[in-house]
Every structure is written in C-alpha cells, then in structure tokens.
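Structure assessment
Residue strings, one per chain:
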Amino acid sequence: SYSIWVEASSAVRLRRGLERDGAAAREQWARWQAEEDAFYAKDPVRERVDLVVDGASALPHDPETECIRLLRSRG
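This is a predicted model, so every value here is computed, not measured.

**Side note on the environment of R69**
Mapped onto the elements, R69 comes out in strand 3 (residues 68-69). In the structure, R69 is positioned 14 residues away from G55 in sequence and 9.3 Å away in space, judged by C-alpha atoms. Filtering out sequence-adjacent residues up to four positions away, R69 remains in contact with L51, V52 and V53.

The structure is reproduced here in structure tokens:
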C-alpha cells in the first residue's frame, strides 16, 4: 500500500468546501474542522504517510495532471 497526504491550509479547505456546499454549510464546516484538528492532534497521520503533496500550490503546474510534492524530514 502507499499513502498520500494532500495538504492545504484550513482557510483554503474552508473556502473550497463553502464554494462546493454553499454558505449555509459554514457551521457544519466549522464543526468538522474543529473535530479534524482534535483528531490529528492525537493521531499525527501526516507523519506516517509515504508522500505529502501541496493541495494549494501557487507554483506553476497543471493541477489536472501534476502535483507539487512537499519536502519534509523523517525523524
């Protein structure tokens, strides 16, 4: 198996969610993000994945066919 973590800031994820779900979903998104933050604080999944990609990169690329890899050190 191979695990991939797609990373984007909380603000970007909220904006994308509201664009998709509408402004009426803001409260639901706020709850989701709080629960997600609490979950990942207890279980740092990102530390164990095989690949971390930037889900909101400003670098030039074709998001349909390319991704930007984020570098990180493994302890």
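**Notes on the packing of aromatic side chains**
Using the criterion set out here, one finds 2 aromatic pairs in the structure. Taking the centre distance of 5.1 Å and the plane angle of 80 degrees together, the rings of F39 and Y40 count as edge-to-face. Judged by relative accessible area, F39 falls into the partly exposed class, the value being 45%. Each residue in the set W5, F39 and Y40 is aromatic and connected to the rest through ring pairs, giving one cluster.

**What to know about the side chain of E36**
One can find E36 in helix 2 (residues 26-42). Here the side chain of E36 touches R13 through a polar contact of 3.1 Å, side chain to side chain.

Definitions and cut-offs
Residues numbered from 1 in each chain as written. Predicted model: local features only at pLDDT ≥ 70, side-chain atom pairs only at ≥ 80, totals over all residues. Heavy atoms only, no water. Helix = DSSP H or I, 4+ residues; strand = E, 2+ residues; numbered from the N terminus. Contact = heavy atoms within 4.5 Å. Phe/Tyr/Trp six-rings, centres within 6.5 Å; stacked < 30°, edge-to-face > 60°. Buried < 20%, exposed > 50% of the residue type's maximum accessible area, 1.4 Å probe, protein only. Polar contact = N/O pair within 3.5 Å; in protein donor to acceptor, adjacent residues only side chain to side chain.

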